[in-house]
Amino acid sequence: MMHTFSTTMRRLTAGAAIALIMAAAAPAYAATPADTLVQAWAIDDIISMDPGEAFELSTAEVTANTYNLLVRLDLADTSKVKGDLAESWTVSDDGLTYTFKLKPGMTFASGNPITAEDVAWSIERVVKMDKSPAFILTQFGLNGDNVSEKAKAVDAATFTFTVDKPYAPSFVLNCLTATVGAVVDKKLVLDHVAPVTPTADYKYDNDFGNAWLKTNYAGSGPFKLREWRANEVVVLERNDTYFGEKPKLARVIYRHLKESSGQRLALENGDIDIARNLEPNDLVSVSGNADLSFDSAPKGLVYFITFNQKNPNLAKPEVVEALKYLIDYDAIGATLIKGIGEVHQTFLPKGVLGELDEKPYKLDVAKAKELLAKAGLPDGFSITMDVRSTQPATGIAESFQQTAAQAGIKVELIPGDGKQVLTKFRARTHEIYFGEWGQDYFDPNSNAETFTINYDNSDAGKVKTLAWRSAWEVPKAMTDEAKAALTEKDGEKRAAMYRDIQKKFLEVGPFAIVYQKTEVAGLRKAVTGFKLGPSFDNTFLSGVTKE
């Protein structure tokens, strides 16, 4: 029956095939049309498509292909950025004002011209909405009261951005490469704003189009968002008004398919073009298939277990250290992440300025028991652990559950989809959480700040870094050093500062970094030009073709 269905699909027109691809319920698949790239990927982490709100890994790739930024990471040399909307830029002598000149003749997908006013308003709406990723911009001293002066259009082609300190220019520019720096079509979004009753916490009378942009599109990239259905599908289609080189593909479809075995089967059958979540066993099983090929790249993505400091047991330093000794890093590396990751215990991934390749922890049950006894918990305790119900996350959580039990710690696993576990983690209502963190921009501060700075540890805290989400009162000396590194212009000195911070973090941080991701994608041989990027927002699809 599956063979009959697949054969029938291959005879359909492209439009009909797309309709069935979108409508078919897993595990029914459809052969992919020649002008359409179909990827299987676990996309249940997507919460919003608004670039001023989205803070999830899957959304970042979608945004990278549908919106433009002032500048982007230069993939030929990741120590640099290159112009996207910006043709050129200068930095004032005092290091505070960045002036960008826009390229001429650019338009949004709507046909509206892209101007410096759109750039300024895009930053203004991010700051005033104050959603999760806003801190990437507000850390430069921007707030709702001053943003219109700090980020402004001088004329239609000139935009200025003024910061509060003479930061290392590479830091400022890298922050502007983050998803939150996406430029939206001001005219189009203003047509879709919803009224809001001002409150003490939100003083504006509209939502800046946030409700509409959660599921709609106002960008200028090579593709435009056609549809997103939660836990099901994301559909992109070619933006024929794009001012750059037009994509060869008419559309790109992300099919939500969590299980590696299902992705492997669909890839082997030709029902998808790319599989994005293959596990080690499935990678091995398809490696000899002449119809398939692979692409891989180290990713600036680290996976960690974190221990909520609101829990009185987890707040004991000896308990945190004991838990770090109850992770079987060697077994995880040899089995669960083989080929798709590398054991890594520091928060800066390899390839980033200041990386530190030290691994002081290994499975040591006797050491963990000794530490638990010192903490007054010789018989262990019971605890819950939230984990996304995908592999290898579930397997790693189960491994930790088993090794923790050897020291008397009873771990109850609470699986959920990406939105469920993220929402709970962001609300600080977890106990133990297994999650991931990808760089928001290609600079060491992206990870250093979130892991080592907590501006306000109250539940009302506005800047919700990972340290805040884990309710960790970071030692002041560590935070001070992280902040000082931002203004250090000497690259070697700055790198040394980050290495020192990581050594201190390893000793006292309520996080166990487990591994760094190696992203692997399985491809049909018909796919050409697909290249995984070094970060989650640098996999670009406009150059992909199908033979």
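Quick caveat, the model's predicted, so the values are computed rather than measured.

Considering the packing of aromatic side chains
Reasoning step 1: Applying the stated criterion across every chain, the model contains 31 aromatic pairs.
Reasoning step 2: Here the aromatic rings of Phe 304 and Phe 451 are separated by 5.8 Å at their centres, their planes lie at 85 degrees, and the arrangement is edge-to-face. With Phe 304 in strand 12 (residues 292-307) and Phe 451 in helix 17 (residues 445-452), this residue pair connects regions lying 147 residues apart in the sequence. Across this residue pair, the class does not change: Phe 304 and Phe 451 are buried.
Reasoning step 3: A ring pair is formed by Phe 451 and Phe 511, whose centres lie 5.1 Å apart and whose planes are at 80 degrees; its orientation type is edge-to-face. On the criterion of sequence distance, the pair formed by Phe 451 in helix 17 and Phe 511 in strand 17 (residues 511-524) is long-range, its members being 60 residues apart. Judged on exposure class, the residue Phe 451 and its partner Phe 511 are both buried.
Reasoning step 4: One aromatic cluster is present, formed by Trp 89, Phe 100, Phe 140, Phe 159, Phe 161, Tyr 167, Phe 171 and Tyr 441 through successive ring pairs.
Reasoning step 5: We note Arg 276 situated over the ring of Trp 41; from NZ or CZ to the ring centre the distance is 4.2 Å.

A closer look at the sheet that holds strand 7 (residues 158-162)
Reasoning step 1: Strand order in this open sheet of 4 strands is 4-5-7-6, and the pairing throughout is antiparallel. Edge positions in the open sheet fall to strand 4 (86-91) and strand 6 (151-155), since each of these has one partner strand only. Taking the axes of each pair of neighbouring strands and ignoring which way they run, one obtains an average angle of 25 degrees across the sheet.
Reasoning step 2: Strand contacts of helix 4 (residues 116-129): strand 5 (97-102), strand 6 and strand 7, with the helix running at about 170 degrees to strand 6, the strand carrying the most contacts.

Let's talk about the pattern of salt bridges
Reasoning step 1: All told, the structure shown has 33 salt bridges when counted by the stated rule.
Reasoning step 2: For Arg 264, the salt bridge identified is with Glu 268, shortest N-O distance 3.2 Å. Taken together, the residues Arg 264 and Glu 268, both in helix 10 (residues 260-269) and 4 residues apart, mark about one turn of the helix.
Reasoning step 3: A relative accessible area of 21% means that Arg 264 is categorised as partly exposed.
Reasoning step 4: Since its relative accessible area comes to 26%, Glu 268 is described here as partly exposed.
Reasoning step 5: Among the ionic pairs, Arg 494 bridges to Asp 443, the shortest N-O distance being 2.9 Å.

Digging into helix 12 (residues 317-324)
Reasoning step 1: What helix 12 keeps buried is the set Val 319, Val 320, Ala 322, Leu 323 and Lys 324.
Reasoning step 2: The elements touched by buried residues of helix 12 are strand 12, helix 13 (329-336), helix 14 (365-374), helix 15 (393-405), helix 20 (491-508) and strand 17.

What about the nonpolar core?
Reasoning step 1: Membership of the largest hydrophobic core comes to 69 residues, with the highest contact counts inside it found for Phe 100, Ile 123, Phe 140, Phe 159, Phe 161, Phe 304 and Phe 451.
Reasoning step 2: Considering each element in turn, this core owes the most residues, 6 residues, to helix 4.
Reasoning step 3: Every residue in contact with Ile 123, bar those within four places of it in the chain, is listed here: Leu 137, Leu 142, Val 147, Ala 151, Phe 159 and Phe 161.
Reasoning step 4: In this structure, Val 235, Ala 266, Val 320 and Val 387 belong to the second largest nonpolar core, which totals 60 residues.

Rules used throughout
Residues numbered from 1 in each chain as written. Predicted model: local features only at pLDDT ≥ 70, side-chain atom pairs only at ≥ 80, totals over all residues. Heavy atoms only, no water. Phe/Tyr/Trp six-rings, centres within 6.5 Å; stacked < 30°, edge-to-face > 60°. Helix = DSSP H or I, 4+ residues; strand = E, 2+ residues; numbered from the N terminus. Buried < 20%, exposed > 50% of the residue type's maximum accessible area, 1.4 Å probe, protein only. Lys NZ or Arg CZ within 6 Å of the ring centre and 35° of its normal. Pairing = 2+ DSSP bridges. Axes fitted to C-alpha atoms, helices over the stretch in contact; angles between N-to-C directions. Contact = heavy atoms within 4.5 Å. Salt bridge = Lys/Arg side-chain N within 4 Å of Asp/Glu carboxyl O. Core = buried A, V, L, I, M, F, W, Y, C linked by side-chain atoms within 4.5 Å.

Bear in mind that shape data such as this cannot, by itself, settle questions of function.
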